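Overview (structure and organization)
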Amino acid sequence: MEKFFALLALLALTSASFGAADILIDDFESGSYSPKWKVEGEAFADAPARGGFKYQQPVSGYSGNFLVNSYFNKDDTTGKLSSVPFKIERPYLDALVGGGDRRDAAFLRVMVDGVEVGRLTGVNNERLEPKSIDLRNYLGKTAIIEIVDNAKGGWGHINVDDIVLTENPKGIINKTVLEIPNAKKYLNIPINNNSVERFVRVSDASNKKVLLNAKMRVDFKNPQWYYSMETLELQGEVLRVELLSGISEKVEFKTADKYWSETFPDELLRPQYHFSAPQGWLNDPNGLVFWKGDWHMYYQLSPFAYHSREKYWGHAVSKDLMTWRHLPVGINARYYENGGNNAIWSGTGFVDLKNKSGFFDKNGGIILAYTLIGKDDYVAYTSDSQNITTLPNPISTVHGRDPCIFYHEPTKRWVVLRYEVVKPDENAVGAKKFVFYFSKDLKTWQRGQELDDFYECPYIISMPVNGNPKNKKYLIFDARGECVVGDFDGEKFTRLGDDRCAKFVVGNAYAGQVFNNAPNGRIINISWINASAEDFGKTGMCFSQIMSLPMDLRLVEKSGKYAIYASLSREVEKIYKKEKRLKNIKCDESNSFGMFPSSVMVEADLNVRNADGFKFQIGAAVVEFSKQENAYSITVLPKEERPEATRNLHWENRKFQMDEKVGDNMNVKIFADRCSLEIFHDNKRVISLHMPFGKDNVLICLQGNGLVAKNLAIREMKKTYAKSSLKELM
């Protein structure tokens, strides 16, 4: 049974009554900085902006036509706006603020007698949100406002609009502290994806053991979902919860023995057979291993937000690669008494079957390597996949991340390949490298060879050439799918040829990894489908982002040229359900096959000998292949023809060039799953895309001049998620 602990915080304002009107400092609708602002530097241009700039993500949340936007000439310019002096005649200053979370270098601040009395920043989001500064102690004094951009690089800018003095602040002002006795398994924190972010700190009664100290979109009045924060460490004890609240906000938390799952697994954009986190944002798959009959997926997880925030390693297991059981968080972000934190970024896993590490018994265990952001890369180990111990010595203290770890049997030592930035400017020529490290004991590491021109999330693996286990080559690929083939002797990687292999998966796929220790030597890849976070935010989803379907990889060599081919993993076929099968369809005219659930797949064996290509329509998405161009075009129907619930979401036209010409016959498999579209092209290439179909049924059609569909199957897919997927969390 849940208990409710509530605090009603009603604070009386000193100095003035609530009835006084707001005093406008500036809404920038004049289209000019003069005469209210002095402009320095280049970042703010010579006038307020009309929305966003070229290359900037869409800017929203401002009012009227103009705003302050220091993204002028991207994130490489600096500058400052200084207001004319004004008298503080209301107890609060409100402003709409967006842009980077660069508190030290991109901010709005109020100055009184040359001293800063309050500061506002963005949250790494182009959406402007209401924020407030408490000026009650400075009523009657003269102040100026400075809008500063001294930041360069990612999110090095600030957006500002509608600066007012007010008695009714829209932002979060007051510090509220609750003590909740007899804590249960979870603290349920109410979230609304459209609310303002604020810090929430959860600790023991002494405020020394900190379980959480992070920004989240808490909303006690209109919650869309509840973040179930695990509090097992303090179960039965007193929980201390501290946050900033509004001036008349009712602050209420719930403790519970069960994980919140009211909407799971049937939300508008929740995939029915692709992997997604039960709550929060996911991105890179990490530590993919097959261990004791289970497929394990650790993954990047921000459990309390629909967008990227402090990262943890989520954890799920499966017997069949498709039906996943969610387990408690594998590795938690670290929070400290002084307010700092270290998030857990990407890494990999290796099954130590023969206990080469010396950490296990004869049954072996799992070795993990991960980045503790703000510190270094570390090695960890576990004999049961859940109780994870981290070694104290870092792999390296050189600025970098994303360690890929494995054991090299011929040289009897451990190898890590990690991404490093070896110059102050990450975008400078030669700044980005993959670097090898070696160790006999996983404790002391020696730096080795550097490889140029790779970016993030290295992965190295040996693969048989043309299926021959006696002829293996090593592949190194990065988060973008850039891949090279070569030989590795345990010390040095020698590249074969100057060309890079064509990417086996394109589109929104990113940071793919392979399952270590897969049975029968299979090479099975899963990638993150990098989607529009705002689609999940706007629609009130308690989760965001999904993984691709599993795909088997093979290395092919023809006339000295290497290629990586990807084909659908056979485990996916086990969730095929109701099927509509047709043969020998002439497609000169469009063939309509009827309406189907938006979690569906189409497989076609096509004779394209006399055809220009083919055109499939699946709901609001049109998948067209041109044989002459050897390319796919994915276009979307006009807005009025899209599903009503998702028509204003992120639908995008895309085009993808294939590297090998097709023959007279080809096989194509297309998978739709509420928020994604994946195309498996001729058992060689994969296109993985975000596509917000939603729940509405989809019309499926096929057309192609001269095209013959020899075999066509439209299959509904079994749902691979149910409440039972959360059994271990309950």
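Residues numbered from 1 in each chain as written. Predicted model: local features only at pLDDT ≥ 70, side-chain atom pairs only at ≥ 80, totals over all residues. Heavy atoms only, no water.

**Regarding the sheet that holds strand β47 (residues 599–607)**
For the record, the criterion: Note on pairing: DSSP must find at least two bridges between two strands before they are called paired. Counting from the N terminus, the helices are DSSP H or I runs at least four residues long and the strands are E runs at least two residues long. What counts as an axis is a line fitted to C-alpha atoms, over the stretch in contact for a helix, and the angles between N-to-C directions run from 0 to 180 degrees.
Overall, mixed pairing links the seven strands, which are arranged β38-β54-β53-β52-β47-β56-β45 in an open sheet. At either end of the open sheet lies a strand with only one pairing partner, and these are β38 (505–507) and β45 (576–586). Direction aside, the axes of adjacent strands within the sheet are offset by 15° on average. Bridge count for β47 against strand β56 (residues 708–717) is eight bridges, and the pairing is antiparallel. Pairing of Val600 across the sheet is with Glu716, part of β56.

**Considerations on the pairing of strand β31 (residues 413–421)**
For a regular strand, side chains alternate in direction, first toward one face of the sheet and then toward the other. As a reminder, the rule being used: Note on classification: 1.4 Å probe, protein chains only; a residue is buried when its accessible area is under 20% of the maximum for its type, exposed when over 50%, partly exposed between these limits.
Within β31, nine of the nine residues are buried, leaving the element largely enclosed by the surrounding structure. Residues of β31 alternate between two faces, with Arg413, Val415, Leu417, Tyr419 and Val421 on one and Trp414, Val416, Arg418 and Glu420 on the opposite face, all of them buried. Between strand β30 (residues 400–408) and β31, which follow one another and run antiparallel, lie four residues, and Lys412 among them has a positive phi close to 55°. Of the pairings in the sheet, the one linking β31 to strand β32 (residues 432–439) comprises eight bridges and is antiparallel in character. In the strand pairing of β32, Val416 is matched with Tyr437.

**Section: unusual backbone geometry**
The amide bond that connects Ser34 to the next residue, Pro35, takes the cis arrangement and shows omega of 5°. Among the structural elements, Pro35 can be located in the loop between β2 (23–26) and β3 (37–41). With an omega of 0°, the peptide bond running from Phe264 to Pro265 counts as cis. Considering the arrangement of structural elements, one finds Pro265 in the loop between β19 (250–256) and β20 (280–291).

**What about the environment of Ser626?**
The condition that has to hold: Two residues qualify as a contact provided that any one of their heavy atoms is within 4.5 Å of a heavy atom in the partner residue. We call two N or O atoms a polar contact when they sit within 3.5 Å, provided that within protein one can donate a hydrogen and the other can accept it, with sequence-adjacent residues counted only if both atoms are side-chain atoms.
Tracing the backbone shows Ser626 in strand β49 (residues 621–626). For the pair Ser626 and Phe614, spaced 12 residues apart in the sequence, the C-alpha separation amounts to 7.0 Å. Look past the residues within four positions of Ser626 in its chain and what remains in contact with it is Asp612 and Ala631. A polar atom in the side chain of Ser626 sits 3.1 Å from the backbone nitrogen of Glu629.

**With respect to the environment of Lys718**
Looking at the element boundaries, Lys718 is found in the segment after β56. Judged by relative accessible area, Lys718 falls into the partly exposed class, the value being 40%. As for Lys718 and Lys574, which are separated by 144 residues in sequence, their C-alpha atoms are 8.8 Å apart. Those residues in contact with Lys718, other than ones at most four positions away along the chain, are Gln272, Tyr273, Lys574, Ile575, Tyr576 and Lys577.

**Structural notes on the nonpolar core**
Short version of the rule: Only buried residues count toward a nonpolar core. Its members are Ala, Val, Leu, Ile, Met, Phe, Trp, Tyr and Cys residues joined through side-chain atoms within 4.5 Å.
Ranked by size, the top nonpolar core spans 63 residues in total, and within it Ile405, Phe436, Trp445, Ile476, Leu553 and Phe671 carry the most contacts. The element best represented in this core is β31, accounting for six residues. Each residue touching Phe671, except ones within four places of it in the same chain, is listed here: Tyr273, Leu549, Leu568, Val572, Tyr576, Val600, Met601, Ser676, Leu677, Glu678, Phe680 and Met717. Counting residues in hydrophobic clusters, the runner-up holds 54 residues, among them Cys587, Val623, Phe656 and Cys675.

**Overview of the environment of Glu29**
Within the secondary structure, Glu29 sits in the loop between β2 and β3. On a C-alpha basis, the gap between Glu29 and Arg50 in space is 9.8 Å, while along the polypeptide they are 21 residues apart. For Glu29, the contacting residues outside a window of four places in its chain are Ser63, Gly64, Asn65 and Phe66. A distance of 3.0 Å separates a polar side-chain atom of Glu29 from the backbone nitrogen of Phe66.

**Observations concerning the pattern of salt bridges**
Let me state the cut-off plainly: Just to be clear on terms, a salt bridge is a Lys or Arg side-chain nitrogen sitting within 4 Å of an Asp or Glu carboxyl oxygen.
Evaluated as defined, the whole model comprises 45 salt bridges. For the salt bridge of Glu146 with Arg109, the shortest nitrogen-to-oxygen distance reads 2.8 Å. With Glu146 in strand β11 (residues 142–149) and Arg109 in strand β8 (residues 106–112), the pair connects residues that are 37 residues apart, well separated along the chain. Exposure class is identical for Glu146 and Arg109. Each is buried. For Arg480, the salt bridge is made with Asp478, and the minimal N-O distance between the two is 2.8 Å. Through salt bridges with shared partners, a single ionic network connects Asp377, Arg418, Glu420, Lys433, Arg447, Glu450 and Asp452.

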